[in-house]
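# Inside the fold
In case you want the letters, here they are:
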Amino acid sequence: MRWTVPSSLEYFALLVGDDSHFPLTEAAVSIAQSEHPALDLQSVLGEIDTLAERLLVRLPRDASALHRVKLLHRYFFEELGFAGNVNDYYSTANSYVHEVLRTRRGIPISLAVIYLELAHRVGLGATGVSFPGHFLVKLRLPLGDAVIDPMTGTSLSREALLGQIEPYLQRAGAGAAGVGLEDRGLAAFLGPAAPREIVARMLRNLEAIHRAAKDWPQLLAVQQRLVILQPRDWDWRRDRGLTYAQLGQTDAAIDDLTGYLRHARNAADRASIAARLQALRASGPPRWH
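Residues numbered from 1 in each chain as written. Predicted model: local features only at pLDDT ≥ 70, side-chain atom pairs only at ≥ 80, totals over all residues. Heavy atoms only, no water.

With that settled, the discussion passes to the overall build of the protein chain. Of regular secondary structure, the protein chain possesses 13 helices and five strands. Dimensions of the protein chain, computed from the C-alpha atoms along their principal axes, are close to 70 × 60 × 35 Å. For the protein chain, buried positions account for 48% of its 289 residues. Entry remark: accessible area of the protein chain is about 15,200 Å², with carbon and sulfur atoms responsible for 52%. Taken together, the 32 basic and 31 acidic charged side chains of the protein chain have centroids lying 3 Å from each other. (Helix = DSSP H or I, 4+ residues; strand = E, 2+ residues; numbered from the N terminus. Buried < 20%, exposed > 50% of the residue type's maximum accessible area, 1.4 Å probe, protein only. Areas by Shrake-Rupley, 256 points an atom, 1.4 Å probe, with all protein chains shown as cover. Lys, Arg positive; Asp, Glu negative; His and termini not counted. Charge placed at Lys NZ, Arg CZ, Asp CG, Glu CD.)

So, on to the environment of Gly 191. If you trace the backbone, Gly 191 turns up in the loop between α8 (177–184) and α9 (195–213). Setting aside chain neighbours within four positions, we find Gly 191 in contact with Gly 128, Val 129 and Ser 130. (Contact = heavy atoms within 4.5 Å.)

With the exception of glycine, the majority of residues adopt a negative phi angle, and the majority of peptide bonds are in the trans configuration. Even without glycine at this site, Arg 104 takes up a positive phi of about 65°. Within the secondary structure, Arg 104 is located in the loop between α5 (97–103) and β2 (105–106). Positioned with a positive phi, Lys 214 is a non-glycine residue whose angle comes to about 55°. Mapped onto the elements, Lys 214 comes out in the loop between α9 and α10 (216–229).

Each full turn of the α-helix corresponds to 3.6 residues, which orients residues three or four apart in the same direction. Those residues of helix α1 (residues 8–15) that fall on the buried side of the exposure criterion are Ser 8, Phe 12 and Leu 15. Axial view of α1: buried residues confined to an arc of 60°, hence all on one face. Elements in contact with the buried residues of α1: α2 (24–30), α9 and α10. (Arc of directions from axis to C-beta.)

Attention shifts here to the packing of α10 against helix α11 (residues 234–246). Where α10 contacts α11, the axes come no closer than 9 Å and their chain directions differ by 155°. On the basis of the axis angle, α10 is roughly antiparallel to α11. Between α10 and α11 lies a crossing whose hand is left-handed. On the side of α10, the interface is formed by Trp 216, Leu 219, Leu 220, Gln 223, Gln 224, Leu 226 and Val 227, while α11 contributes Trp 236, Arg 237, Asp 239, Arg 240, Thr 243, Tyr 244 and Gln 246. Among the residues forming the contact of α10 with α11, the class breakdown is seven nonpolar, four polar and three charged. (Axes fitted to C-alpha atoms, helices over the stretch in contact; angles between N-to-C directions. Parallel < 35°, antiparallel > 145°, perpendicular 65-115°, else oblique. Left-handed = near helix turned anticlockwise from the far one by under 90°. Nonpolar A, V, L, I, M, F, W, Y, C, P; charged D, E, K, R; others polar.)

Of all hydrophobic cores here, the largest spans 63 residues; its most connected members are Val 97, Tyr 115, Leu 118 and Val 199. Val 199 has contacts with Phe 12, Phe 22, Leu 24, Ala 27, Ala 28, Ile 31 and Leu 229, leaving out every residue within four places of it along the chain. Trp 234, Ala 245, Ala 253 and Ile 254 belong to the second largest nonpolar core, which has 13 residues in total. (Core = buried A, V, L, I, M, F, W, Y, C linked by side-chain atoms within 4.5 Å.)

To continue, consider the environment of Thr 4. Looking at where Thr 4 falls in the secondary structure, it is placed in the segment before α1. By relative accessible area, Thr 4 is classed as exposed at 68%. Expressed as a C-alpha distance, the spacing of Thr 4 and Tyr 260, which sit 256 residues apart in the sequence, is 32 Å.

Moving on, we get to the sheet that holds strand β4 (residues 136–141). Within the open sheet, the three strands sit side by side as β3-β4-β5. Their pairing is antiparallel. Of all strands in the sheet, those bounded by a partner on one side alone are β3 (125–129) and β5 (144–148). Neighbour-to-neighbour, the strand axes of this sheet turn through a mean angle of 25°, independent of strand direction. One ladder, built from five bridges, connects β3 with β4; its direction is antiparallel. (Pairing = 2+ DSSP bridges.)

So, about the pairing of β5. Pairing of β4 with β5 involves five bridges; the strand directions are antiparallel. By the bridge assignment for β5, Leu 139 is matched with Ala 146. The loop that links β4 with its antiparallel partner β5 comprises two residues.

To continue, consider the side chain of Asp 256. Relative to the helices and strands, Asp 256 resides in helix α12 (residues 250–263). Residues within four places of Asp 256 in sequence aside, it is in contact with Arg 237, Arg 240, Gly 241 and Tyr 244.

Given below as structure tokens:
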């Protein structure tokens, strides 16, 4: 029997295929293969294992949850020096776990992935929180939940959380933070983020960076993963189709845009996408010079 090695995209599909066995850390590490297809995932995971082992040997067996948190924060933020990359916040490297491990700098969500892995290794109940504008971590502690900023380790008060969310509520037309939150409740923004949503948010960050730079090949690589990760979100199929069109891959663009129109029957942009599709069909195959 002849075995073939799966491509990085095929391996990503294997990782994210099942929600009941979704390996968050490995899936997050694999995101970097959109730009670095030869990245050795097992080597990166081994580096995280080493960090965890160094932390575990310091942990007394009878350590309280609070002791575990203090030990984790001292190790993660002080000794290892993980922090936000405030000087180059929109670099794609901030979304690549292997680069964050190398530089000790990242954005909230990539830092949170590493923090969550170490927290779980020391027996802490920790989840990601897909808070608007700034990914957070929630720790379940005996005296109540603590919401942590993964860039600094700061435990955020209710007032601090309200202050962070106010600009997003105002842009959404909710008015002042207190008014908007009376209707929805702050707890509505602090629910646990599923691993699939965490990886999707990481990819959306990269998608926005590549789109702004008009880097069509890298944009397509990210959109391929978003389509695999969220196959029922037909907006990604539309966006990938438009990127295919930018790259002159007309047949693939037609397939994606046709699928979008077939499934997104009430979409506000149906007319414009239908016109784009008609133009692609009329253009015929690309001409080679």
